Amino acid sequence: MSIVPRSIKSILTIDVLLYICGILGIYLTTLKGDLPFDTQYQNSIIKIREPLRESTLSLVGQNILNVDGLVLSSPEETETYLDSFRKGDKVLLALSDQSKIEVELTEYYSIPYNILAFIIGTSFFFISIVVLIKAQLQKPARLFHWVCVFTALIIMATWGNYSFEPKVIPIITRTVLHFAVCIVPALFLHFTLVFPEEKKINTKYLFHMLYSVSGVILLFLTYRFLSLISDVTIDNIKLYVLSYNVSRIYLITCVIFAVGIFIHSYKTSAGQSDKKKLKWILYGLSVGPLSFILLWTLPIMLTDRSLVPEEIVIILISVIPITFGISIVKYHVMDIDYLINRSVVYSLVIAALLVSYLFIIGLLTNFAVQIDIKISSIISAIAIALLFQPIKARVQKFVDRKFFRVQYNFREAIGKLFSEINESNSIQSLAERIIKRIDELIPVEKIGFFLLNASNNMLKMISHKNFNLLVDHSVKFEPDNLKTNLLLPVALADSVESGVNIENADVNVFRRWGMNLVFPIKSSNGDIRGFLVLGSKKSGTRYTIEDVDLLNTVTSRIASSVDRIKLQEELILERVESERLDELNRLKSFFISSVSHDMKTPLTSIKMFSELLQSSSEIKSEKSKEYLDIIEGESSRLSRLIDNVLDFSKIERGIKQYRFENIKLNEIVVHTFKLMHYQFMLNKFVIESNLSNDEKFIYADKDAIEEALINLLSNSLKYSKENKIIRVITNIKNEFMALTVEDKGIGIDKNNLQNIFNPFFRIGSKEVQRTGGTGLGLSIIKHIMNAHKGKIDVQSEPGKGSRFTLLFPVVRE
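Residues numbered from 1 in each chain as written. Predicted model: local features only at pLDDT ≥ 70, side-chain atom pairs only at ≥ 80, totals over all residues. Heavy atoms only, no water.

1. Some details on the overall build of the protein
Okay, step 1: When helices and strands are counted, the protein shows 23 helices and 21 strands.
Okay, step 2: Expressed as a percentage of its 813 residues, the buried residues of the protein come to 44%.
Okay, step 3: Long-range contacts, defined here as pairs at least 24 residues apart, represent 67% of the contacts in the protein between residues at least 6 apart. (Helix = DSSP H or I, 4+ residues; strand = E, 2+ residues; numbered from the N terminus. Buried < 20%, exposed > 50% of the residue type's maximum accessible area, 1.4 Å probe, protein only. Contact = heavy atoms within 4.5 Å.)

In structure tokens form, the structure reads like this:
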């Protein structure tokens, strides 16, 4: 059996077809021709700058007035026209000296460029498929996949020869290119709105607009291209270039918005994992597009020449899918902060060395008499080699200080940390504040705040950064087995600078848990309250004596703060316990009053009708039967009230037991109707029932379900004053038998729904308070449903009634 899901198979089939289009696009680019000299465009005039062949050497400095009679005023227009020819074809040039010359077109792209385009495009396809499979078709992965695929097509199926026969091939490849150019901006912007998590905004109309704009630009581009290949005129060339420039503006606009959204997401993200994911993306965007702008776009705009070949720019752009893929699939595959740190360091080092190299050469060339340029280069290279390590060390220190804040003002740092400690009102917030502040002052790979439970000597991690292995785990603290006495911080010797007072750590234990430095948190009398545990510093440097002094001072203050917070919590608990006892006394009084009232009503009726039967011997048999029915009904009512109280007592003490057997709901409903007949008749209620014909067995306690149904019906009787209709329904819902009681009573508002199953809870409205009741019925129902592994669904609206549904698992046959 195949392990590849069908949906992925469909996507892979489309990928294969698009990849074939990309291969065809590369083939067509190998055919396209170019003028056999380097040109420069000034004021829409083509100037011949450097010859690519000896035969064109005499043309240097000439202006090209037209090509085959067409006046071309930009590189894009010239490329568009020449794409209708192959390399080796000839075109006629009209020159500024009034002469005309026929030249043979050379290749536009070199073989290495086409090989590179194939490799980079293929890598885009490969990365997109890997991410799609690894991320299990998640929405961001699907969007990233298509962004990669269509970006690959932009690289592979770029403008190529369109005179190739049959014409359907260049039409298909160019149309696919147009589709890629138009859809990538929308897909990329869409991706930013769902990664690392979907933004909580209504994006439906935005996406419709984005993809609609893409569709309109695609139609316009394709129409202009079809017009061009059918009639290669200067007007069609200009309109095609114009339409393509519109797509570029759309791309740039979407990318700017996307980068802005990523930066906003990074700034507003609270989770470290989301921040790391976004750092990977921002790193890819800075390496790819920033390199393109600094090394290609700006130099061409300023000097008409790039600083590096186009191949280098494509390689730098290939960083984007790699970093994006890492972000989506496994953002912690390597340390992004370390990577950024080293990228900044070596970029600055290379820049400094380049400036130094040029400066030394300039000095030697201008001031050293008769020194050969080669000797100047050798001397400069030796000087740069000697300068490399000092410059790198200084730049590393600068980056660490600016980006990782290795240096700090001791007094200011202590003040900020003490302020955080004093403002903390719980140990959790204290731990979180301390970890956040220390990581800002001394950025570390790992940091954890551990609290000791003195009753069982277990250490529990309260807050942390990157100590994921110890989440939800407690560690046994065994002071007798320690190799240190915890009078000083415990550290690995190579993690702190020499001269710092520490106790040497157990190397194996520290290495296993990724610990470098541990500070015991001690109270004023020397009792251990917990530990502050740190890993290595992000800067790669050792902990300084200033770092250790700072953390020693902080842990001393933390210990006193922990004692303060615990004392506050004990006082608060005492007050809460006192308030709870007061509330229980109040509930007890209310309960006794309610039960007494509810018992008095049926007892009064029983006593009254019993006396009537005893005092008169002439009561007719029909009347006598009516009185007896009333006595029986009120007795049942009294019995149910007593049963509720007794059941709740058993539930509270944990001795409530159920007798389970295979039963059917309909039988219980019918029997309950008979038990409640007197109350229905007395209160003039209409009972509508709709019992399932396709009933299944449930494994349940018959008496318990009967009690639950009676409580629901009793509530409907009590709280339905005007519209006296109760509907009882049984039916099958998925793997459950459902029992629904629906009334048209006063209903329950949303604020009270979450509390109605609490014992003794009664809604504070006057309508409810005027009605008798103990507040036990629904809490008993809740216990019954939990014992039956069932569910309760409640739907209610004030003034419109309530709908209670009890869901019981059916017995599997």
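2. Looking at helix α14 (residues 427-441)
Okay, step 1: Relative to the 21 Å expected for 15 residues at 1.5 Å per residue, α14 spans 21 Å between its end C-alpha atoms, a close match to the ideal helical length.
Okay, step 2: Looking only at α14, the buried set comprises Ile-427, Leu-430, Ala-431, Ile-434, Ile-435, Arg-437, Ile-438, Asp-439 and Leu-441. (Expected span 1.5 Å × (residues − 1).)

3. A look at the packing of helix α4 (residues 139-156) against helix α5 (residues 168-192)
Okay, step 1: Orientation of α4 relative to α5, taken along the N-to-C sense of each, is 150°, at an axis distance of 8 Å. The angle between α4 and α5 falls in the class roughly antiparallel. Crossing geometry of α4 relative to α5 is assigned as left-handed. The segment α4 lies against α5, with Lys-139, Pro-140, Leu-143, Phe-144, Trp-146, Val-147, Phe-150, Thr-151, Leu-153 and Ile-154 engaging Val-176, Leu-177, Phe-179, Ala-180, Val-181, Ile-183, Val-184, Leu-187, Phe-188, His-190 and Phe-191.
Okay, step 2: Broken down by class, the residue content of the contact of α4 with α5 amounts to 18 nonpolar, two polar and one charged. (Axes fitted to C-alpha atoms, helices over the stretch in contact; angles between N-to-C directions. Parallel < 35°, antiparallel > 145°, perpendicular 65-115°, else oblique. Left-handed = near helix turned anticlockwise from the far one by under 90°. Nonpolar A, V, L, I, M, F, W, Y, C, P; charged D, E, K, R; others polar.)

4. Here we look at the pairing of strand β14 (residues 528-534)
Okay, step 1: By the criterion of burial, β14 is predominantly enclosed, with seven of the seven residues buried.
Okay, step 2: Both strand β13 (residues 517-522) and β14 contribute to a ladder of six bridges, which runs antiparallel. When the bridges of β14 are listed, Val-518 appears paired with Val-533.
Okay, step 3: Connecting the antiparallel pair β13 and β14 is a turn made up of five residues, with Gly-526 showing a positive phi of about 90°. (Pairing = 2+ DSSP bridges.)

5. A closer look at the sheet that holds strand β18 (residues 725-733)
Okay, step 1: Taken in spatial order, the five strands line up as β16-β18-β19-β21-β20 in an open sheet, and their pairing is mixed. Across the chains shown, the open sheet's two edge strands, defined by having one partner strand only, are β16 (686-690) and β20 (791-797). When strand polarity is set aside, the average angle formed by the axes of neighbouring strands in this sheet is 15°.
Okay, step 2: Alignment of β20 against strand β21 (residues 801-809), held across seven bridges, turns out to be antiparallel. Residue pairing across strands places Ile-792 opposite Leu-806, the latter belonging to β21.
Okay, step 3: Against the sheet, helix α18 (residues 665-675) engages β16, β18, β19 (736-743) and β21, with an angle of about 170° to β18.
Okay, step 4: Running over the sheet, helix α23 (residues 777-787) touches β20 and β21 and is turned about 25° from β21.

6. Digging into the environment of Ile-427
Okay, step 1: Of note, Ile-427 is situated in helix α14.
Okay, step 2: You can call Ile-427 buried: its relative accessible area is 9%.
Okay, step 3: The sequence separation of Ile-427 and Ser-561 amounts to 134 residues, and the corresponding C-alpha distance is 8.6 Å.
Okay, step 4: If we skip the residues at most four places from it in the chain, Ile-427 touches Phe-449, Leu-451, Ile-462, Val-562, Ile-565, Lys-566 and Glu-569.

7. What about the confidence of the model for the protein?
Okay, step 1: With 70% of its residues at a pLDDT of 70 or more, the protein has an overall mean of 76.
Okay, step 2: Mean pLDDT across the elements of the protein bottoms out in helix α11 (residues 336-367) (49) and peaks in β19 (93).
Okay, step 3: Low pLDDT, under 50, characterises residues 330-350; the stretch is placed with 44 contacts to residues that sit more than four places away or in other chains.
Okay, step 4: Scored below 50 in pLDDT, residues 401-406 makes 15 contacts in the model with residues more than four places away or belonging to other chains. (pLDDT = per-residue confidence, 0-100.)

8. Some thoughts on helix α2 (residues 75-82)
Okay, step 1: In terms of residue burial, α2 counts as a mostly covered element, since six of its eight residues are buried.
Okay, step 2: Taken residue by residue, α2 has Glu-77, Thr-78, Glu-79, Thr-80, Tyr-81 and Leu-82 as its buried positions.

9. Regarding the pattern of salt bridges
Okay, step 1: Enumeration according to the criterion identifies 18 salt bridges in this entry.
Okay, step 2: The closest approach of N and O atoms between Lys-465 and Asp-439, which form a salt bridge, is 3.0 Å. Highlighted residues: Lys-465 in strand β9 (residues 458-465) and Asp-439 in helix α14, separated in sequence by 26 residues. A single burial state applies to Lys-465 and to Asp-439, both of which are buried.
Okay, step 3: For Arg-803, the salt bridge identified is with Glu-742, shortest N-O distance 2.3 Å. Of this pair, Arg-803 sits in strand β21 while Glu-742 sits in strand β19; the two residues are 61 residues apart in sequence, bridging distant segments of the chain. (Salt bridge = Lys/Arg side-chain N within 4 Å of Asp/Glu carboxyl O.)

10. A look at the sheet that holds β9
Okay, step 1: Read across the sheet, seven strands follow the order β10-β9-β8-β14-β13-β11-β12 without closing on themselves; strand pairing throughout is mixed. Of all the strands in the sheet, just β10 (474-476) and β12 (503-504) have a single pairing partner and so form its edges.
Okay, step 2: As paired strands, strand β11 (residues 490-491) and β13 are joined by two bridges and run antiparallel to one another. Bridge pairing in β13 links Val-490 to Val-518.
Okay, step 3: Along the sheet face, α14 touches β8 (447-453), β9 and β14 and points at about 50° away from the line of β9.

11. Focus on the packing of aromatic side chains
Okay, step 1: Inspection of every chain in the model, using the stated rule, returns 16 aromatic pairs.
Okay, step 2: Ring centres 4.3 Å apart and planes at 10° place the aromatic pair Tyr-109 and Tyr-113 in the stacked group.
Okay, step 3: Residue Tyr-109 is classed as buried on the basis of its relative accessible area, which comes to 10%.
Okay, step 4: Assessed through its relative accessible area of 6%, Tyr-113 is described here as buried.
Okay, step 5: Ring geometry for Tyr-162 and Phe-225: centres 5.8 Å apart, planes at 85°, overall edge-to-face. With Tyr-162 in the loop between α4 and α5 and Phe-225 in helix α6 (residues 204-230), this residue pair connects regions lying 63 residues apart in the sequence. You'll find Tyr-162 and Phe-225 in the same group, each marked buried.
Okay, step 6: Connected via pairs of aromatic rings, a cluster forms that spans Trp-159, Tyr-162, Phe-225, Tyr-240 and Tyr-244. (Phe/Tyr/Trp six-rings, centres within 6.5 Å; stacked < 30°, edge-to-face > 60°.)

12. Some remarks on a nonpolar patch on the surface
Okay, step 1: Taken together, Ile-23, Ile-111, Ile-115, Phe-118 and Ile-119 make up a surface patch of nonpolar side chains, about 440 Å² in accessible area.
Okay, step 2: Top contributing element to the nonpolar patch by residue count: helix α3 (residues 111-134), with four residues.
Okay, step 3: Relative to the elements of secondary structure, Ile-119 occurs in helix α3.
Okay, step 4: Overall, Ile-119 belongs to the partly exposed group, its relative accessible area being 46%. (Patch = residues over 30% accessible without salt bridge, like charges linked within 9 Å, V, L, I, M, F, W, Y side chains within 5 Å. Areas by Shrake-Rupley, 256 points an atom, 1.4 Å probe, with all protein chains shown as cover.)

13. Quick word on unusual backbone geometry
Okay, step 1: At the junction of Glu-165 and Pro-166, the peptide bond is cis and its omega measures out at 0° in the coordinates.
Okay, step 2: With respect to the helices and strands, Pro-166 occurs in the loop between α4 and α5.
Okay, step 3: Of note in this structure, Asp-68 is not a glycine but carries a positive phi near 55°.
Okay, step 4: Inspection of the secondary structure assignment puts Asp-68 in the loop between β4 (63-67) and α2.
Okay, step 5: At Lys-789, a residue that is not glycine, the phi angle is positive and equals roughly 55°.
Okay, step 6: Position of Lys-789 among the secondary structure elements: in the loop between α23 and β20.
Okay, step 7: Residue class for Lys-789 comes out exposed when judged on its relative accessible area of 69%.

14. A look at the side chain of Ser-243
Okay, step 1: Note on placement: Ser-243 falls in helix α7 (residues 234-268).
Okay, step 2: At 2.7 Å, the side chain of Ser-243 forms a polar contact with the backbone oxygen of Tyr-240.
Okay, step 3: Among residues more than four places away in sequence, those in contact with Ser-243 are Phe-220, Leu-221 and Arg-224. (Polar contact = N/O pair within 3.5 Å; in protein donor to acceptor, adjacent residues only side chain to side chain.)

15. Thoughts on the nonpolar core
Okay, step 1: Ile-64, Val-91, Leu-93 and Phe-150 are the most contacted members of the largest nonpolar core, which totals 77 residues.
Okay, step 2: Residues in contact with Leu-93, not counting those within four places in the same chain, are Leu-35, Phe-37, Ile-64, Asn-66, Val-67, Ser-99, Lys-100, Ile-101 and Val-103.
Okay, step 3: Counting 38 residues, the second-largest nonpolar core is a separate cluster that includes Leu-709, Phe-757, Ile-784 and Met-785. (Core = buried A, V, L, I, M, F, W, Y, C linked by side-chain atoms within 4.5 Å.)

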